[in-house]
Amino acid sequence: MSLLMETRLLLRKVTDLRCLTPKRHRVKEKWAATRTKHPPTSLALQRFDATYSLQLGETWPSVRSALLSERKYGALINNFCHNAVQAELQSQGCRDFISHTDEDAQPGSDQESEVQAESSDQQPSSIQISPNIKCLVFPRGDISRFKPARPDTHGLLGHYLMDAASVLPCLALDIQEGHTVLDLCAAPGGKTLTLLQTQRIGFLCVNDSSVSRAARLQKVLHSYIPREFLNDDKLRSSCFDGTTWGEIERNTFNRVLVDVPCTTDRHSLMEDDNNIFNKGRMGERLRLPQLQLELLLAGIQAACPGGEIVYSTCTLAQAQNQSVVDQAVHSAREDHGISLQVVNLRPLTHMFRKTFHFAPDLPLGEMVIPHLAANFGPIYMCKLKRLT
Ligand SMILES: C[S@@+](CC[C@H](N)C(=O)[O-])C[C@H]1O[C@@H](n2cnc3c(N)ncnc32)[C@H](O)[C@@H]1O
């Protein structure tokens, strides 16, 4: 149904309701005083209707309905907590989507699984999924909600609720024993927690330029990770502008996660507070692709030769996804003399194709698309390997 028809139907319903209310009980709403005429959520919907109907074609109406419906969460199990959270959640019907992959690409539930495949134009991927990352979800079509996490005797919480698709960029990062890892835009910390669950990291640097969000990240870390680990010199926290990282620490990290600020499509459609479609934030929104490009380039420079970088967003927008990666690969080669290879993530996403809806045949990277029966995402990710 077109936006215009939907609006007309809605208006008719409102008028019908008004007819049922006796005139003396009707309250005349004060538009200007009570609400803005164009709330950011409506502006976001207008913008998405214009761009995504072209980008996604006939799939846009179903993606749109999913985006406007309640999202689904996953519960990341905290291995540092002593509560038997996993068993408890399993008894409620949840399953770990990482160990219960889809038939033909089965890893053992408590062994490392290796994903390998060849592709003609992209680097073959070889990812060893850590058996320690566990994320429980309710079955497809089941929209039950998780209960809040409870602390164990040491005060550590048992699970962290996040979009289950957000775990995928962390799996794609393929952390191996002793790796040095940079999480360039880390707050509020869902992906940092996921990376820490591997218990393989040699040194982790978590950064976020926003002071308030960096404080939130610290709070999350203290609620989930033992104090002795946080005080260890294996973890460093910072609050720098990530775009300058290439000037500070070049050719250093085995793995870099660049989970950039974006139009956060779901949030932009559901919440007027802190919404990037707020009229006053138009400049910030239009500058996003440039900021994303600079952050990705900084992440590429921070990785060591042979190191790997995962770029991720939670938007469907091509201009913030494929275009950014495309420009970064070009600029890394032309301006910084760094050659990169795109790593094929299709074997990884294939393993999880019954949990998530993936965009078919994306030319660059992989994307989880929201769907009413599996209402995760959007999450876009693309993996690059530094050759020089
Ligand atoms: C999508 S959020 C990251 C989410 C986080 N990775 C997680 O999983 O919880 C993007 C983050 O980038 C941060 N950010 C924005 N501009 C930045 C910059 N120039 N350098 C570093 N971080 C930045 C924002 O404060 C925000 O916390």
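Worth saying up front: this structure is predicted, and the values here are computed from it rather than measured.

**Q** Whenever I open this one, the overall build of the protein chain confuses me. Can you help?
**A** Assigned secondary structure in the protein chain consists of 15 helices and 14 strands. Buried positions account for 50% of the 388 residues belonging to the protein chain. Residue pairs at least 24 apart in sequence account for 76% of intrachain contacts in the protein chain once pairs closer than 6 positions are excluded. As displayed, the protein chain has an accessible area near 19,100 Å², and 53% of this comes from carbon and sulfur atoms.

**Q** Looking at this model, I keep getting lost on helix α8 (residues 211-224). Mind explaining?
**A** Because an α-helix packs 3.6 residues into every turn, residues spaced three or four apart end up facing the same way. The first and last C-alpha atoms of α8 sit 20 Å apart over 14 residues, in line with the 20 Å expected at 1.5 Å per residue. Along α8, the residues that are buried comprise Ala214, Leu217, Val220, Leu221 and Tyr224. For α8, the angular spread of buried residues about the axis comes to 115°, placing them on one side. Summarising the geometry of α8, the exposed residues directed more than 90 degrees from the buried face are Val211, Ser212 and Lys219. At its buried positions, α8 is contacted by β6 (159-162), α7 (190-197), β8 (203-207), α9 (227-230) and β9 (235-238).

**Q** Can you walk me through helix α14 (residues 322-336) in this structure?
**A** For α14, with 15 residues, the first-to-last C-alpha span of 20 Å sits near the 21 Å given by 1.5 Å per residue. Inspection of α14 places Gln322, Val324, Val325, Ala328, Val329, Ser331 and Ala332 among the buried residues, and these make up the whole buried set. In this structure, the buried side of α14 is in contact with α13 (288-302), β11 (303-313), β12 (340-343) and β14 (379-386).

**Q** Would you explain the packing of aromatic side chains in this entry?
**A** Aromatic ring pairs are reported here in terms of the distance separating the ring centres and the angle at which the planes meet. All told, the structure shown has 12 aromatic pairs when counted by the stated rule. Here the aromatic rings of Phe97 and Phe356 are separated by 5.0 Å at their centres, their planes lie at 90°, and the arrangement is edge-to-face. One end of the pair, Phe97, is in the loop between β2 (95-96) and β3 (113-117); the other, Phe356, is in the loop between α15 (346-351) and β13 (366-368), and 259 residues separate them in sequence. The two residues Phe97 and Phe356 agree in class, both being buried. Geometrically, the ring pair formed by Tyr160 and Tyr224 is edge-to-face, given 5.5 Å between the ring centres and 80° between the ring planes.

**Q** Got a minute to help me understand the state of the cysteines in this structure?
**A** Inspection of the entire model under this criterion finds 0 disulfides. Of the cysteine sulfurs around Cys135, a residue in no disulfide, the closest is that of Cys94, at 9.7 Å. The class for Cys135 is buried, based on a relative accessible area of 0%. Left without a disulfide partner, Cys314 is nearest to the cysteine sulfur of Cys262, which lies 3.6 Å away. Taking the relative accessible area as the measure of exposure, Cys314 reaches 27% and is therefore partly exposed.

**Q** Please explain the confidence of the model for the protein chain as it appears in this structure.
**A** Low pLDDT means the predicted atomic positions in that stretch should not be read closely. Looking at the protein chain, the pLDDT average stands at 90 and 85% of residues meet or exceed 70. Scored below 50 in pLDDT, residues 104-112 makes 17 contacts in the model with residues more than four places away or belonging to other chains.

**Q** Which parts of the structure should I look at to understand the side chain of Lys383?
**A** By the secondary structure assignment, Lys383 is in strand β14. Within the structure, Lys383 has its side chain in polar contact with the backbone oxygen of Ala172 (distance 2.7 Å). Not counting residues within four places of it along the chain, the set of residues in contact with Lys383 comprises Ile127, Ala172, Leu173, Asp174, Glu308, Ile309, Val310, Gln341, Val342, Val343 and Leu345.

**Q** Help me understand the site of the ligand, please; the structure alone is not making it clear to me.
**A** Looking at the ligand, there are 21 residues lining it, with Asp208, Arg213, Asp241, Gly242 and Asp259 nearest. Between the ligand and the protein, one listed contact pairs a nitrogen atom with a backbone N or O atom of Gly242 at 2.7 Å. Taken by itself the ligand offers 600 Å² of open surface, and the protein chains cover 87% of this. Of all the secondary structure elements, the ones that give two or more residues to the shell around the ligand are α7 and α13. Split by residue class, the shell around the ligand holds 10 nonpolar, 6 polar and 5 charged.

**Q** What is the right way to read the nonpolar core from this model?
**A** It is characteristic of soluble globular proteins that their nonpolar side chains tend to be buried jointly. Ranked by internal contacts, the top residues of the largest apolar core, which has 52 residues, are Phe97, Ile98, Leu168, Leu171, Phe352 and Phe356. Ala44, Leu295, Val325 and Leu384 belong to the second-largest nonpolar core, a separate cluster that totals 50 residues.

**Q** For this particular structure, what's the right way to read the packing of α13 against α14?
**A** Two quantities define a packed helix pair, namely the angle between the helix axes and the distance between the axes. Where α13 meets α14, the axes come as close as 9 Å, and the angle between the chain directions of the two elements is 50°. Looking at the two axes, α13 sits oblique to α14. Handedness of the crossing formed by α13 with α14: right-handed. Across the interface between the two elements, Pro289, Gln292, Leu293, Leu296, Leu297, Ile300 and Gln301 of α13 pack against Val324, Val325, Gln327, Ala328, Ser331, Ala332 and His336 of α14. When grouped by side-chain class, the residues that make up the contact of α13 with α14 number 9 nonpolar, 5 polar and no charged.

**Q** Before we go on, may I ask you to explain the sheet that holds β2 in this structure?
**A** Sheets are built from strands paired through backbone hydrogen bonds, the pairs being either parallel or antiparallel. Read across the open sheet, the 4 strands follow the order β2-β5-β1-β6; overall the sheet is antiparallel. Unpaired on one side and paired on the other, β2 and β6 mark the two borders of the sheet. In terms of strand pairing, strand β1 (residues 74-77) meets strand β5 (residues 135-137) through 2 bridges, oriented antiparallel. Note that in β5 the partner of Leu76 across the bridge is Cys135.

**Q** Sorry, what's going on with the pairing of β14 here?
**A** Each regular strand shows side chains that alternate between the opposite faces of the sheet. β14 sits mainly inside the fold: 7 of its 8 residues count as buried. Pairing geometry for β11 and β14, over 6 bridges, is antiparallel. Within β14, the residue paired with Ser312 across the bridge is Met381. Here β12 runs beside β14; their pairing, made up of 4 bridges, is antiparallel. Directly across from Val342, in β14, lies its bridge partner Leu384.

Definitions and limits used
Residues numbered from 1 in each chain as written. Predicted model: local features only at pLDDT ≥ 70, side-chain atom pairs only at ≥ 80, totals over all residues. Heavy atoms only, no water. Helix = DSSP H or I, 4+ residues; strand = E, 2+ residues; numbered from the N terminus. Buried < 20%, exposed > 50% of the residue type's maximum accessible area, 1.4 Å probe, protein only. Contact = heavy atoms within 4.5 Å. Areas by Shrake-Rupley, 256 points an atom, 1.4 Å probe, with all protein chains shown as cover. Expected span 1.5 Å × (residues − 1). Arc of directions from axis to C-beta. Phe/Tyr/Trp six-rings, centres within 6.5 Å; stacked < 30°, edge-to-face > 60°. Disulfide = S-S within 2.5 Å. pLDDT = per-residue confidence, 0-100. Polar contact = N/O pair within 3.5 Å; in protein donor to acceptor, adjacent residues only side chain to side chain. Near = heavy atom within 4 Å. Nonpolar A, V, L, I, M, F, W, Y, C, P; charged D, E, K, R; others polar. Core = buried A, V, L, I, M, F, W, Y, C linked by side-chain atoms within 4.5 Å. Axes fitted to C-alpha atoms, helices over the stretch in contact; angles between N-to-C directions. Parallel < 35°, antiparallel > 145°, perpendicular 65-115°, else oblique. Left-handed = near helix turned anticlockwise from the far one by under 90°. Pairing = 2+ DSSP bridges.

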